[in-house]
Amino acid sequence: TNGKGRGVVCDTGMKTRIGRIAQLIAGDEDRPKKKCGCLPDTSGNATPLQQNLEQLGGRIGVMAIGVCVVIFIIGVAMDRTDPANPGSPSWL
């Protein structure tokens, strides 16, 4: 459709949101680098979203291990055995 409009420019270049993301991707050399085995180190150019997702993944992993440990402890405490092999110990 036809129409008329005006735009107001508030910031340009590196002062915009896209510019801030570009600065984050360019990286800060002051931060300590993470190393994980043979995987490449990409922590220097991670965006805030990537950092938050990494923290969330770590928390979910710790919670999953915690739930498995709790279920194992409950099973041992209740002396649950395998119905197919009732002679085996409950912790196997």
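Predicted, not measured: the structure shown is a model, and the values here were computed from it.

**Student:** Just to check I follow, could you spell out the overall build of the chain for this structure?
**Tutor:** Helix and strand counts for the chain come out as two helices and zero strands. Across the 92 residues that make up the chain, the buried fraction comes to 9%. If you take every contact in the chain between residues at least 6 apart in sequence, the share linking residues at least 24 apart comes to 6%. For the chain, the exposed area adds up to about 8,500 Å²; of that, 62% sits on carbon and sulfur atoms.

**Student:** Explain helix 2 (residues 48–77) to me, please; I cannot follow it from the model alone.
**Tutor:** Along an α-helix, residues three or four positions apart point the same way, because every turn accommodates 3.6 residues. Here helix 2 spans 43 Å end to end across 30 residues, near enough to the 44 Å set by a 1.5 Å rise per residue. With its phi angle positive at about 55 degrees, Asp 79 sits one or two positions after the end of helix 2.

**Student:** I tried to follow a nonpolar patch on the surface on my own but got confused; where do I start?
**Tutor:** Among the surface-exposed residues, Ile 65, Val 69, Phe 72, Ile 73 and Val 76 lie close enough to one another that they form a single nonpolar patch of about 460 Å² accessible area. The topology assignment puts Ile 65 in helix 2. Assessed through its relative accessible area of 57%, Ile 65 is described here as exposed.

**Student:** In this structure, what is going on with the environment of Arg 20? I would like to understand it.
**Tutor:** Within the secondary structure layout, Arg 20 lies in helix 1 (residues 17–26). The exposure class assigned to Arg 20 is partly exposed, which follows from its relative accessible area of 44%. Along the backbone, Arg 20 and Thr 47 are 27 residues apart, and their C-alpha atoms lie at a distance of 9.9 Å. When sequence neighbours within four positions are dropped, the list of residues in contact with Arg 20 reads Met 14 and Lys 15.

Rules used throughout
- The written sequence of each chain sets the order in which its residues are numbered from 1.
- The predicted origin of the model limits local features to residues at a pLDDT of at least 70 and limits the giving and counting of side-chain atom pairs to 80 or more, whereas totals for whole chains, interfaces and linings rest on all residues.
- Derived side-chain values reflect all non-hydrogen atoms in the structure, with water molecules and hydrogen atoms excluded from consideration.
- Counting from the N terminus, the helices are the DSSP runs of H or I reaching at least four residues and the strands are the DSSP runs of E reaching at least two.
- Here the term buried applies to any residue with accessible area under 20% of the maximum for its type, exposed to any over 50%, and partly exposed to those in between, with areas from a 1.4 Å probe on protein chains only.
- Any two residues whose heavy atoms approach within 4.5 Å at even a single point are treated as in contact.
- Surface accessibility follows the Shrake-Rupley procedure with a 1.4 Å probe radius. Residue values consider only the protein chains on display as shielding.
- An expected span of 1.5 Å times one less than the residue number is assigned to each helix.
- Patch building starts from residues that exceed 30% relative accessible area and form no salt bridge, then joins like charges within 9 Å and nonpolar side chains (Val, Leu, Ile, Met, Phe, Trp, Tyr) within 5 Å.
- Salt bridges, as used here, are contacts in which a Lys or Arg side-chain nitrogen is within 4 Å of a carboxyl oxygen on Asp or Glu.

The values reported here are purely geometric and, on their own, carry no functional implication.
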